[in-house]
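The lines below spell out each chain.
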Amino acid sequence: MNKITEKVALSENVVKMVLEAPAIARKRKAGQFVVLIANEKGERIPLTIVDSDPKKGTITVIFQIVGKTTAVMAKMKVGDSIRDVQGPLGNPTDVHKVGQVVCIGGGVGVGVVYPLAAALKQAGNQVISIIGARTKELLILEEEMKQVSDRLIVTTDDGSYGFHGFVSTVLQNLIDQGEKIAEVFAIGPVPMMKVIANLTRPYGIKTVVSLNPIMVDATGMCGACRVSVDGKTKFTCVDGPEFDGHQVDFDLLTSRLRMYCDQESIAYEKHRCGWNGN
Amino acid sequence: METEIKKEKKEKIPRQKMPEQNPGVRITNFEEVPLGYSAETAILEAKRCIQCKKPGCIAGCPVEVRIPEFIQAIADGNFIEAAHILKETNSLPAVCGRVCPQEEQCEQVCILGKKGDPVAVGRLERFAADYERATGEISLPEPSAPNGKKIAVVGAGPSGLTIAGDLVKLGYEVTVFEGLHKAGGVLVYGIPEFRLPKAIVEAEVDYLQKLGVKIETNAVIGRIATIDELFAEGYDAVYIAVGAGAPVFMDIPGENLMGIYSANEYLTRSNLMKAYLFPEYDTPIIRGQNVAVIGGGNVAMDSVRTALRLGADNAYIVYRRTEVEMPARKEEVHHAQEEGVQFKLLTNPVEYISDGSGWVKGMKCIRMELGEPDASGRRSPVPIKDSEFVIDVDTVVVAVGTMANPIVPATTPGLETNRRGYIITKGESGETTRQGVYAGGDIVTGAATVILAMGAGKKAARAIHAYLSGE
């Protein structure tokens, strides 16, 4: 049982939760995730570890309410407990000093890119961050991102805040302006990651994406999270979650994310099928 | 003269059948198929045992259950005593009574089997263990004085649970680290409820905890702590029993289409996550109408019988050899046939066909014939040229085997593995290339049976005890 020590609504559908998980807090590295089970009948939900505090023994996760289990979790209060927290899982981000990097986060993906930006900054890189949302109210972690970035550019699709347009347009502008970019880290809805990967490919800029397929055990046992990378089948939970964006088959990922749409509407999980969108 | 008459009487008792749920009924539920012996039937069956002076059955059992003794106790009506005799050597008798391949072990060497049917050892084991559990009078053996030594067991499957039970009884402080949220390993994620009710596994795990075994769930060793870190935390020896829990796919076109599962995923969703009770439980599963399960082992039989219970109109076993070569237990094949599973033998899939929106709608197969014997001694299947045909399917379960899970070997320097990723051990002790590190079960042998994994745990327990007590 892992007690909820803090809970904040970051936007209408996005919740930040701080959980007691001392062993995970000590051990986790940027890029890793946990699997949560809210209660006895709950699903296994993989979530990136956004932050941790080894002294307090806590980890931070951010999730979007997309289905029955996440809706149940969103209703839980400080002092309640999440039944199971398994982790840290997946491979940590390959963090080293490469020069100037661009960290791109879209929607709840900002929560996933935040620990990477922090680690990359810590390792001595120049960090330019681009974070985006559909509209101002859905933007998350702006202040946190500012603190770990040398430069932060905010975009909204509807122009209600920051740059009016997509994160990809901003990245294109940076490239056009001649910014030296050693690596791009792009995390967000699948269409966004696909656009960014296609954008950087002709320039040969290494582009790392973090994938969010459906998972079950998350220890390499079931193969639910299989993705195609460079034409080979990989398991996101043990081979990832980060992959070379230029080699990922995003269309297959998009397709496989839809596998349980019918079942989820049965469980009144109408939102779930939008979970790869922001 | 008198003994002769007695003997004659014994031979006249036929092997007692165990009642089962009717096939037409049982495919509509997930309840257990065989219903167990009544006390009367159990006594009758137990009386068939001729109590050999030199019994072969004990040596036929990987965990050396004192078979004639527990059977005699049943024959005498001392059912609780029978359970106690079982538990002295076997921590999981209610499990073994259900899933062991007795026909290849104790029952294969039973002297009665030479002329007729062997004693139904498995059914009697199940009866005694179930009887004890039903009475609620689970007695614990006298605890040993703590010897101050700590053992870490990695994986709470049959092998890990067995060694934990054996070592805790010797006074060790034993902690089992389990990656998933429930203890039991393949007993909870793999074997379906209709073959092994989860309440039974829970009761056996409870028993071990009462003996003093500590179980830490959600702890993936290699991630939360490495083997080296366990030693640094003060463990004196480590036993690795993480299973062969990585799925094998066939690497044929279309295998990542929606509707295609590994058996591990299909069974984990249904068993561990209780997807068969969706939407009461949150985890979904595709309830296919035309389901093909690829493979001929016990896991394939479990998958195809699960598909039937999830409402499939057509449930197929697609296997590249014939029924003779099938690795599944005869009993499982028989149950599947009774339930209406359609066997497509000498058939192998070569490609999956998409419906145009990412779902599987068909499976192109090729017909096979048997050629020369291969390394396994079985005649190897050879494709027949130009014999391709398509089976309409909306769900496919790939049950062609498993391979080693790489997490522990990859994070343990000096722990040597073979070409296929399985941990190398010295003989039966389970000793690895790292001092104080032992391994057993499927991570050493590759996918095998519950009882062989338990046997490995038992032998490693002896080896670890010898190592730590300097004997």
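These remarks concern the structure in this document. Within every chain, residues take consecutive numbers counted from 1 along the sequence as written. As they are written, the chains are lettered A onward and the ligands numbered 1 onward, keeping that order. In view of the model being predicted, local features appear only for residues whose pLDDT reaches at least 70, and side-chain atom pairs are presented and counted only at 80 or more, with totals across whole chains, interfaces and linings using the full set of residues. Note: side-chain values were computed over all heavy atoms of the structure, leaving out hydrogens and water.

## Considerations on the overall build of chain B
Next, step 1: The helix and strand labels rest on DSSP assignments: H or I over at least four residues marks a helix, E over at least two residues marks a strand, and numbering proceeds from the N terminus. Scanning chain B from terminus to terminus reveals 18 helices and 16 strands.
Next, step 2: C-alpha atoms define the radius of gyration in this analysis, and the globule rule sets the expected value at 2.2 Å times the number of residues to the power 0.38. Here chain B has a C-alpha radius of gyration of 23 Å; the compact-globule value for 471 residues is 23 Å, and the two agree.
Next, step 3: Projected onto the principal axes, the alpha-carbon positions of chain B cover approximately 65 × 65 × 50 Å.
Next, step 4: Note on definitions: a residue-residue contact is assigned when non-hydrogen atoms from the two residues lie within 4.5 Å. Residue pairs at least 24 apart in sequence account for 68% of intrachain contacts in chain B once pairs closer than 6 positions are excluded.

## Comments concerning the side chain of K458 of chain B
Next, step 1: When you line up the elements, K458 of chain B lands in helix 18 (residues 450-469).
Next, step 2: Residues contacting K458 of chain B, with those up to four places away along its chain left out, are V63, T89, T162 and D166 of chain B.

## Observations regarding the nonpolar core
Nonpolar side chains tend to gather and get buried jointly when the protein is soluble and globular.
Next, step 1: Buried Ala, Val, Leu, Ile, Met, Phe, Trp, Tyr and Cys residues that are joined via side-chain atoms within 4.5 Å together make up what is termed a nonpolar core. Relative accessible area decides the class of each residue, using a 1.4 Å probe on protein chains only: under 20% of the type maximum gives buried, over 50% gives exposed, and in between gives partly exposed. Counting residues in hydrophobic clusters, the biggest one holds 79 residues, and the most contacted among them are F70 and I74 of chain B.
Next, step 2: Here this core gets 8 residues from one element, more than from any other, and that element is helix 18 of chain B.
Next, step 3: Sequence-distant contacts of F70 of chain B, defined by excluding residues within four places in its chain, comprise V65, A82, I85, L86, V121, L124 and E125 of chain B.
Next, step 4: Core analysis: the second largest hydrophobic core is formed by 62 residues, V102, A197 and I205 of chain A together with L308 of chain B among them.

## A word on the pairing of strand 4 (residues 237-240) of chain B
Residue and element names in this part refer to chain B.
Next, step 1: Residues A237 and Y239 point to one face of strand 4 and V238 and I240 to the other, with burial holding for every one of them.
Next, step 2: Relative to strand 4, strand 1 (residues 150-154) runs parallel, the two sharing 4 bridges. Counted as the bridge partner of V153 is Y239 from strand 4.
Next, step 3: Here, a strand pair is defined by DSSP locating no fewer than two bridges between the strands. Bridge analysis of strand 4 against strand 16 (residues 437-439) gives 3 bridges, and the strand direction is parallel. Note that in strand 16 the partner of I240 across the bridge is A439.

## So, the sheet that holds strand 12 (residues 183-187) of chain A
Residues and elements named next belong to chain A.
Next, step 1: Sheet architecture is open: 7 strands sit in the order 11-10-9-8-12-13-16, paired in mixed fashion. Looking at the sheet topology across the chains shown, the edges are occupied by strand 11 (163-164) and strand 16 (242-244).
Next, step 2: The axes are straight lines fitted to the C-alpha atoms, using for helices just the contacting stretch, and the angles between their N-to-C directions are given from 0 to 180°. Its contacts with the sheet put helix 5 (residues 167-176) on strand 8 (100-106), strand 9 (126-133), strand 10 (151-156), strand 11 and strand 12, and the angle it makes with strand 9 is roughly 150°.

## A closer look at the packing of helix 4 (residues 67-75) of chain B against helix 8 (residues 121-135) of chain B
All names here are of chain B.
Next, step 1: Running from amino to carboxyl end, helix 4 crosses helix 8 at an angle of 60°, the nearest separation of the two axes being 11 Å. Accordingly, the angle class assigned to the pair helix 4 and helix 8 is oblique. Two packed elements cross with a definite hand, and for helix 4 against helix 8 that hand is left-handed. Between helix 4, through I67, F70, I71 and I74, and helix 8, the contact on the second element is made entirely by V121, L124, E125, F127 and A128.
Next, step 2: Three classes are used, and their members are as follows: Ala, Val, Leu, Ile, Met, Phe, Trp, Tyr, Cys and Pro are nonpolar, Asp, Glu, Lys and Arg are charged, and the others, Gly among them, are polar. Of the residues in the contact of helix 4 with helix 8, the class split is 8 nonpolar, no polar and 1 charged. Every angle not falling under 35 degrees, over 145, or within 65 to 115 is termed oblique; those three ranges are roughly parallel, roughly antiparallel and roughly perpendicular. In a left-handed crossing the near helix is turned counterclockwise from the far helix by less than a right angle, and in a right-handed crossing that turn is clockwise.

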